[in-house]
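# Observations on the model geometry
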Amino acid sequence: MRSPLRNWRRLSKPQRTEYYLRWSLYLMAVFLMPGVLFAIGTGSGAAGHSSAVQVSLLIGLATTLVLLRTFRVTLYHYLRRPAEHRRWIVLTVGLVVAGSWAVMLVGPAGDMTAKPVQFPFTALVAGYLLIFGFCPVCVGLPPRWSAPAGLGMVVAVVPAMVLAGVGAATATGFLMVMTVAMAFLGASCRSFAWLTAIVWELDAAREAQSRLAVAEERLRFSRDLHDVMGRNLTTIALKSELAVQLARRGRPEAAEQMAEVQKIAQESQREVRDVIRGYRTADLHAEAIGARAVLRAADVHCDIDLGEEADRLPPQVQSVLGWVIRESTTNVLRHSEAARCLIRLRQEDGRAVLELENDGVPAVPLPSQGGGTGLHGLRERLAAHDGELTVPTTAPGTFRMLATVPLPG
């Protein structure tokens, strides 16, 4: 069984944010019972009305349980996930109003104009029920509906206060305080839901940006191939058709046309190799600058030290090390929640050593550490230059990678 801390480390940043805000809403429901106990302990007349105290505790506990479920389904609905939120909102509103009526009618009445002031604890309990019961309504319903619903909840309790004999001053103060408190807590709960939705939208935008970058690179490559091969293939098709017609007529020019076709085909092969070579070649400095820009955009502090001898490395060594930087940057963004990243290049014992290190690694081992396709491809590239890729053991939460390539001579 995994520990809660390990499960927490497995979550992404949007999931952690949602859990934090979700449990903040759940605490709103849990705080109802301390409020009911506070009202019973401080309100006047509670000692002589054990039946009212029991009813208040029972209704408070039932409302707390219903609120926990209502907060869950209304937040799912706000995040556009399938959830039957309406029935739970109706149940919450009905329970809060009915509970307020029961508490007010069973408990003692009081009047703020009396000397000394006699404020009924039942009014406090009813107030807590209304305040906390209105919070999930604000999450599950738009403001144009939640505001009238809150006002209706307060007005629906007024007849119970009148029947219980609560004075006019007490009823007026009750309405004013409830209106302000419900508006404040309701807006706070909806803000929690709004923040959760914003975090998920930002995460979706980040993924969309990554997909667009890949699609743009594919379009660039296809455009380059079209520019190189389009004209040549059209010329080959036309000259081949002409050679066929000449051959059918027994004309000697057919051989000349086929020779030109062969020449154009060889030239096309050379141009395609140039395009692919340019696509596959990774410049060391360009990849380092690109990695720093991408990581900074993802709020990852990146330290890069290529040293003073980087420009003197052979082109093939710079190219393969540039690929290592590119792939490692992808791993940092996809497989970690890094806050810092280090890229350092040095030379020792006739070998170029590229060191990459980042934090934010979850407790579960990265797929790349177990031989994922990204690092497997890098090992193949390095092996072509007699190099190797190693992943030494580091402190928990840290990933370190060493790429070494022997230098000529």
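Here the structure is shown first, and the text comes after it.
Before going further, it helps to spend a moment on the sheet that holds strand β4 (residues 388-390). Strands sit in the order β1-β2-β3-β5-β4 across an open sheet of five strands; the sheet is mixed. Each edge of the open sheet is held by one strand with a lone partner, namely β1 (301-305) and β4. For this sheet, the mean inter-axis angle between neighbouring strands, taken without regard to orientation, is 15 degrees. Against the sheet, helix α11 (residues 315-335) engages β2 (340-348), β3 (351-359) and β5 (398-406), with an angle of about 10 degrees to β3.

The next subject is the environment of M178. Mapped onto the secondary structure, M178 falls in helix α8 (residues 168-248). By relative accessible area, which is 7% here, M178 ends up buried. Along the sequence, M178 and L151 sit 27 residues apart, while their C-alpha atoms lie 9.4 Å from each other. In this structure M178 touches G127, L130, I131 and V154, once residues within four positions along its chain are discounted.

Burial along β1 is one-sided: the residues C302 and I304 are buried and none of H301, D303 and D305 is. For the crossover that starts at β1, traverses α11 and ends in the parallel β2, the hand is left-handed.

The tally for this structure, following the rule as stated, stands at zero disulfides. A disulfide-free cysteine, C138 has its sulfur positioned 6.7 Å from the sulfur of C135, the nearest such atom. Residue class for C138 comes out buried when judged on its relative accessible area of 6%. Residue C189 stays outside any disulfide, its sulfur separated by 3.6 Å from that of C135, the closest cysteine. We classify C189 as buried; its relative accessible area is 0%.

Side chains that differ in sign of charge can pair as their charged atoms come close. Overall, the coordinates contain twelve salt bridges when judged by the stated rule. Among the ionic pairs, E253 bridges to R251, the shortest N-O distance being 3.4 Å. A relative accessible area of 27% means that E253 is categorised as partly exposed. Counted as one network, the salt bridges with shared partners bring together R340, R344, R346, E348, E355, E357 and R400.

Cut-off values and rules
Residues numbered from 1 in each chain as written. Predicted model: local features only at pLDDT ≥ 70, side-chain atom pairs only at ≥ 80, totals over all residues. Heavy atoms only, no water. Pairing = 2+ DSSP bridges. Helix = DSSP H or I, 4+ residues; strand = E, 2+ residues; numbered from the N terminus. Axes fitted to C-alpha atoms, helices over the stretch in contact; angles between N-to-C directions. Contact = heavy atoms within 4.5 Å. Buried < 20%, exposed > 50% of the residue type's maximum accessible area, 1.4 Å probe, protein only. Right-handed = clockwise from strand over helix to strand, strands pointing away. Disulfide = S-S within 2.5 Å. Salt bridge = Lys/Arg side-chain N within 4 Å of Asp/Glu carboxyl O.

These figures come from the coordinates and say nothing about function on their own.
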